[in-house]
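# Close look at the chain arrangement
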Amino acid sequence: MSYPQPPWTLQGYAIQTLHLVNIDQVRPLIPLELEIISVWPGKTLASVYLSHYGSGSVLEYSELIVAPAVVNYQRKIGGWVSHIYVDNADSVAGGREIWGLPKELAEFTWEKGEHVTVHQENRKLCSLNYNQQSLAWRQWLSVSAFGVKGTDLLIFPAEFESVLGLIGSKLEIPGESPFSGIGLGQPWLTVRCEQMSLRIDAPKVVGQSILDFGF
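Parameters at a glance
- Residues numbered from 1 in each chain as written.
- Predicted model: local features only at pLDDT ≥ 70, side-chain atom pairs only at ≥ 80, totals over all residues.
- Heavy atoms only, no water.
- Helix = DSSP H or I, 4+ residues; strand = E, 2+ residues; numbered from the N terminus.
- Rg over C-alpha atoms; globule rule 2.2 N^0.38 Å.
- Buried < 20%, exposed > 50% of the residue type's maximum accessible area, 1.4 Å probe, protein only.
- Contact = heavy atoms within 4.5 Å.
- Areas by Shrake-Rupley, 256 points an atom, 1.4 Å probe, with all protein chains shown as cover.
- Lys, Arg positive; Asp, Glu negative; His and termini not counted.
- Charge placed at Lys NZ, Arg CZ, Asp CG, Glu CD.
- Pairing = 2+ DSSP bridges.
- Axes fitted to C-alpha atoms, helices over the stretch in contact; angles between N-to-C directions.
- Core = buried A, V, L, I, M, F, W, Y, C linked by side-chain atoms within 4.5 Å.
- Polar contact = N/O pair within 3.5 Å; in protein donor to acceptor, adjacent residues only side chain to side chain.
- Phe/Tyr/Trp six-rings, centres within 6.5 Å; stacked < 30°, edge-to-face > 60°.

## Some words on the overall build of the protein
In terms of regular secondary structure, the protein is built from two helices and 16 strands. Taking 215 residues into account, the globule formula puts the C-alpha radius of gyration at 17 Å, and the protein, at 16 Å, falls close to it. Reported as C-alpha extents along the three principal axes, the dimensions of the protein are approximately 45 × 40 × 40 Å. Of all 215 residues assigned to the protein, the portion counted as buried reaches 47%. Sequence separation of at least 24 residues holds for 68% of the intrachain contacts in the protein that already meet a minimum separation of 6. When the accessible surface of the protein is totalled, it reaches about 10200 Å², and 53% of it is carbon and sulfur. Averaging the locations of the 15 positively and 21 negatively charged side chains of the protein gives two centres separated by 5 Å.

Now the structure itself:
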């Protein structure tokens, strides 16, 4: 496989849903070294991120990221990615070999800018109906995420600038989906990102994981 070295710069659009989920329910998906941050008694913040990176990106592909919790490790805060799917084999290889992310191939169908469905072979992973943006503003943000490569616990930053808008959405996750057990339910908040520019930097080793969450 041929993939670019980090940083990866990507341009496109995305929709991100936010959910309150039970900490006990998602604990098995997350390395024990990572402390799950509680945002409400017994609850943490989970998210589903659907994006398409097009012209101007180092690789062009669609992506589905499921992050079941916000976590803390030695005062470093970020998201833990339990499931991630793309439609580009080079992105799969780069995600696994650079950032320790469990990327898999899937098929994405974007319809009329208001609906997206993700399949893996004959299995439906999820679908999302969402509204067009009305009120929107330009925002710059920096976030971090964790990965595991072998037994190395990694953290990496991502910076993005985008026109953001709050929208309504309906997320459907069938029982056959690998992440149906997270208990995501319907989003309590959905953000739409247009004219997005994203930069994902190389990871740093911050510790060791007892369990190998690799692949």
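## Here we look at the sheet that holds strand S14 (residues 169-172)
Reading across from one edge, S9-S10-S11-S14 is the order of the four strands in this open sheet, with antiparallel pairing throughout. Since the sheet does not close on itself, it has two edges, and those belong to strand S9 (107-111) and S14, each with one partner. On average, each strand axis in the sheet is inclined to that of its neighbour by 10°, with strand direction left out of account. With six bridges joining them, strand S10 (residues 115-120) and strand S11 (residues 123-130) adopt antiparallel strand pairing. Paired with threonine 117 across the bridge in S11 is serine 127.

## Thoughts on the nonpolar core
By size, the foremost hydrophobic cluster in this structure holds 35 residues, and its most contacted members are Leu64, Phe146 and Phe179. Formed by 25 residues, the second largest nonpolar core is a distinct cluster that contains Phe156, Ala158, Leu164 and Cys193.

## Side note on helix H2 (residues 89-99)
Three or more residues of H2 are buried, namely Ser91, Val92, Ala93, Gly94, Gly95, Ile98 and Trp99. For H2, the capping residue at the N-terminal end is asparagine 88, with a side-chain oxygen 2.8 Å from the backbone nitrogen of aspartate 90. Taken from the residues just after H2, glycine 100 is the one with a positive phi, measuring 65°.

## Concerning the packing of aromatic side chains
All chains considered together, the criterion is met by five aromatic pairs. Ring centres 5.4 Å apart and planes at 85° place the aromatic pair tyrosine 13 and tryptophan 110 in the edge-to-face group. On the criterion of sequence distance, the pair formed by tyrosine 13 in strand S1 (residues 8-22) and tryptophan 110 in strand S9 is long-range, its members being 97 residues apart. For the pair tyrosine 85 and phenylalanine 179, a centre-to-centre distance of 6.4 Å together with 45° between the ring planes defines the contact as tilted. In this pair, tyrosine 85 sits in strand S7 (residues 83-86) while phenylalanine 179 sits in the loop between S14 and strand S15 (189-200), placing the two residues 94 residues apart along the sequence. Taken individually, tyrosine 85 and phenylalanine 179 each receive the classification buried, so the pair is uniform in this respect. An aromatic cluster of at least three residues, connected via ring pairs, comprises Trp8, Trp99 and Phe156.

## A closer look at the pairing of S1
The pairing of S1 with S15 spans ten bridges and is classified as antiparallel. The residue of S15 that forms the bridge with isoleucine 15 is arginine 192. As judged from the eleven bridges shared by S1 and strand S3 (residues 43-53), these two strands associate in the antiparallel manner. Along S3, the bridge assignment pairs glycine 12 with tyrosine 53.

Just geometry here; none of it tells us what the structure is for.
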